[in-house]
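The primary structure of each chain is shown beneath.
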Amino acid sequence: MILARLASLKLTLIGMLALGVGVFLGYKLESAPLWVMVVPLLLLSVNLLAALATNPRFRRQSGLVVFHYCLLGVLLLASVGRLTTFKGHVEITEGQGFEADLVQLDQEGPWHPRSRLQRVRFTQGRMRIDYEAGLQRGETRSEVVTGEDPLAKRIVRFGDNVPLEASGYRFYTTSNKGYAVLLTWIGKDDRAVTAAVHLDSYPRRDWNQRRRWSADSGTELELELHLPQTVPMDRAWSLDSRDADGALAVTAAGGETLALNPGDTVAVAGGRLRYHGLRMWMGYEIFYDPTLPWLFATALVGVLGLAWHVRGRFFSRPLPRTLGGPAEPERAATRNAVGV
Amino acid sequence: MPSVSESLLLWGGLAGYAASTAAAWHGAVRRRGHDRFVLALLSAGVVLFALCIAERWVRVGYGPFLTMYEILLSNLFSLGLIYALAYWRVAWVRPGSIVALPILLVLGLWLLRVSAEPSQLPATYENYWLWIHVGLGKVFLGSCLVAVGLAGFLLLGRTGFFRDWFAQLGDHAALDALAWRFFALAFVFHSLMLIAGAVWAQDAWGRYWDWDSLETWAFITWLALGISLHTRATYRLPLWAGWSMIVGSFTLAFLTFFGMPFLSLAPHKGIV
């Protein structure tokens, strides 16, 4: 009795209307609670399961049943996806290997196996971004070298529309990229520390290619990059990591400004600074959701089931001749179409 | 600015659609069918719009996917093509042309009021899933247009317009059944469009669904279609109520397709 009530088509309509309202509220109000969508979805799920259990007429319509089972499957998989998902971002310099510890976390489901990210291994290679006149971004291409065994190494090229896939994670290139100055700081104790200091996003913030950097001994240095060219606005051009070149101006607190070209070493307060040269870094968004292929397959099978049902329900029957009257073959009906 | 040849083709296409609309209405008022005439004019319009799109495509270097002008232009072509095919192959569809063809004219007049300035195709649009997504969307809206033509025609009949002509057409059960067939077909293609769009979004932006404006309204439209089909299966509705649901769902789809770009200027522009 209860199951029969839960299986009511009227309840389905109420659930669908409530879901529509929930989606609208979620769209209009940023503070809308999650339950405005979750409750209608749960109601619809219960309603559907009850209908499948109690309604033999519904069960006989195989295409429709497949569609509804798949709707449940999509809902279930999307929920599992939320629990296992991982979203993060990271900046990687050309020549640098991926390090999971540098990843900034954006979102992580409670079932995401954190150690899995440690399995990802690749080294950043060349990157190239095309621009049209007026700084309109075109294609972004990035290369990485995967595999630790020298014999198994291979270059993977990816970019817009094609993410890098590694250990189930997807790495997407972003519009965030820029220059990094490769420096070695040698302290008075002769201890050397090499670092790639990332400057602001380029060319978006080309006017701000400077930053303060704290050397290993605590010495504060002001770094400013001087590029040989400005961003061309009137023509198409490419930003290519192979062309990265520029001089570095270094200012220690209270000291004079020193100009360094790649390969130069200068003595500054508390140690020596060697400027190896200019590299580029690429900002990646990282996405992990193991349900994606299953979600796609389930949704597709569901719609195929729906198409099968629609074909049988709507298209394999002749058009009726009169309201509530007997049907006649579509061909005859078409021939008799009045006025047409 | 459009080129001279693009403008000529555009005006030619609009003239074809306007003439076919006039012919359809003339046939309705005079109670005479001008089917071949309507179909020929509509087909001529479709061909001219196809040439117009091709000319622009070659000139600007990308397909009609981006600006409001391009979206309207491509839909004038695709909706005209789908409607012409349905009009040609299914005679029962033809009475609905007095409602469906003016909708195309509205799009055409709207097109004349928006800027034809080309934009630059973002790299995220260079994806074959975009083609699949857009193609399925056009079949969805085309099927919906056929359904709304019939439903609108039947509603007009109920309100007393062309009373004599409606009486001459006899019972309208076949038109009602056909409207729901095309509406159900639209639901299938809308579902496929959402799937293809999700695959494209995953490749392009690293997420398959993010509830942006267009995604949200596309889902609400899908829900509206589902609710309409469910309501028809659940209740013995008055016929006019069913036809009104078809018209309402089409209106929602129309606003989603052509209204949302007003908010974001281009589909999904916020996350290009």
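For the structure, check the block above.
What comes next is a walk through the structure. Bear in mind that the values here come from a model prediction, so they are computed numbers and not experimental data.

## Quick word on the sheet that holds strand 5 (residues 154–159) of chain A
Residue and element names in this part refer to chain A.
Piece 1. The antiparallel open sheet is built from 4 strands, whose spatial order is 5-4-3-11. The sheet is open, and its two borders are formed by strand 5 and strand 11 (237–240), each paired with just one other strand. Each strand of the sheet is rotated relative to its neighbour by a mean of 15 degrees, with strand direction disregarded.
Piece 2. Looking at chain direction, strand 3 (residues 122–132) and strand 4 (residues 136–146) are connected through 8 bridges and run antiparallel. If you follow Glu132 over to strand 4, its bridge partner there is Gln136.

## Some thoughts on the sheet that holds strand 13 (residues 257–260) of chain A
As a general point, the strands of a sheet are linked pairwise by backbone hydrogen bonds and lie either parallel or antiparallel.
All names here are of chain A.
Piece 1. Taken together, the 4 strands give an open sheet; going across it, the order is 9-10-12-13, and neighbouring strands pair in antiparallel fashion. Two strands in the sheet have a free side with no partner beyond their single neighbour: strand 9 (210–214) and strand 13. Direction aside, neighbouring strands of the sheet carry axes that sit 25 degrees apart on average.

## Some points on the interface of chain B and chain A
Piece 1. Contact residues are listed per partner, giving 57 residues for chain B and 54 residues for chain A.
Piece 2. For the pair chain B and chain A, the summed buried surface comes to about 4700 Å²; carbon and sulfur atoms form 71% of the total.
Piece 3. Broken down residue by residue, the surface that chain B buries against chain A is led by Trp92(B), Gln120(B) and Arg181(B), which jointly contribute 16%.
Piece 4. Counting the contacts that link chain B with chain A gives 1 salt bridge.
Piece 5. Counting across the chain B and chain A interface gives 6 residue pairs in polar contact (both at pLDDT 80 or more).
Piece 6. Counting only elements with at least two residues in the side of chain B that touches chain A, the list comes to helix 6 (163–169), helix 7 (173–205), helix 8 (213–234) and helix 9 (239–264) of chain B.
Piece 7. With 19 residues, helix 7 of chain B is the single largest residue contributor to the side of chain B that touches chain A.
Piece 8. Looking at side-chain class alone, the side of chain B that touches chain A contains 36 nonpolar, 14 polar and 7 charged residues.

## Concerning unusual backbone geometry
Residue and element names in this part refer to chain A.
Piece 1. Note the cis peptide between Tyr202 and Pro203, where omega equals 5 degrees.
Piece 2. With respect to the helices and strands, the residue Pro203 is situated in the loop between strand 8 (192–201) and strand 9.
Piece 3. Of note in the backbone geometry, Asn161 takes a positive phi value of approximately 75 degrees without being a glycine.
Piece 4. Within the secondary structure layout, Asn161 lies in the loop between strand 5 and strand 6 (164–166).
Piece 5. Residue Asn161 is classed as buried on the basis of its relative accessible area, which comes to 9%.
Piece 6. Residue Ser167 is not a glycine yet carries a positive backbone phi of 50 degrees.
Piece 7. Residue placement: Ser167 occurs in the loop between strand 6 and strand 7 (169–187).
Piece 8. Residue classification places Ser167 among the partly exposed positions, given a relative accessible area of 30%.

## A word on the pattern of salt bridges
Piece 1. Taken as a whole and assessed by the stated rule, the structure comprises 22 salt bridges over all chains.
Piece 2. Measuring nitrogen to oxygen at the nearest pair gives 3.4 Å for the salt bridge that ties Arg212(A) to Glu222(A). Of this pair, Arg212(A) sits in strand 9 while Glu222(A) sits in strand 10 (residues 220–226), placing them 10 residues apart in sequence.
Piece 3. Overall, the relative accessible area of 52% leaves Arg212(A) in the exposed class.
Piece 4. The class for Glu222(A) is partly exposed, based on a relative accessible area of 26%.
Piece 5. For Asp212(B), the salt bridge identified is with Arg207(B), shortest N-O distance 3.7 Å.
Piece 6. Residue Asp212(B) is classed as buried on the basis of its relative accessible area of 15%.
Piece 7. Residue classification places Arg207(B) among the buried residues on the basis of a relative accessible area of 7%.
Piece 8. Three or more residues are tied together by salt bridges with common partners; here these are Arg126(A), Arg128(A), Asp130(A), Arg141(A) and Asp240(A).

Procedures and definitions
Position numbers for residues count from 1 along each chain, tracking the sequence in the order it is written. Lettering for chains starts from A, numbering for ligands starts from 1, and both go in the order in which the items are written. The predicted nature of this model means local features are confined to residues of pLDDT at least 70 and side-chain atom pairs, given and counted, to a pLDDT of 80 or more, with totals for whole chains, interfaces and linings taken over all residues. The side-chain figures draw on all heavy atoms in the structure; neither hydrogens nor water molecules are used. We call two strands paired when DSSP finds no fewer than two bridges between them. Elements are defined by DSSP. Helices are runs of H or I of four residues or more, strands are runs of E of two residues or more, and each kind is numbered from the N terminus. Lines fitted to C-alpha atoms define the axes here, with helix axes fitted over just the stretch in contact, and angles between the N-to-C directions of these axes take values from 0 to 180 degrees. Contacts are assigned to residue pairs that have any heavy atoms within 4.5 Å of one another. Accessible surface is computed with a 1.4 Å probe, and the buried area is the amount of it that two parts give up when combined, taken over both parts together. Throughout this description, the term salt bridge denotes a Lys or Arg side-chain nitrogen within 4 Å of a carboxyl oxygen of Asp or Glu. Whenever two N or O atoms come within 3.5 Å, that pair is a polar contact, provided that in protein one can donate a hydrogen and the other can accept it, and provided that, for residues adjacent in sequence, both atoms are side-chain atoms. All residues other than Ala, Val, Leu, Ile, Met, Phe, Trp, Tyr, Cys, Pro, Asp, Glu, Lys and Arg, Gly among them, are scored as polar; the first ten of these are nonpolar and the last four charged. Accessible area is worked out with a 1.4 Å probe on protein chains only. A residue is then buried under 20% of its type maximum, exposed over 50%, and partly exposed in between.

Spatial relationships are all this shows, so hold off on functional conclusions.
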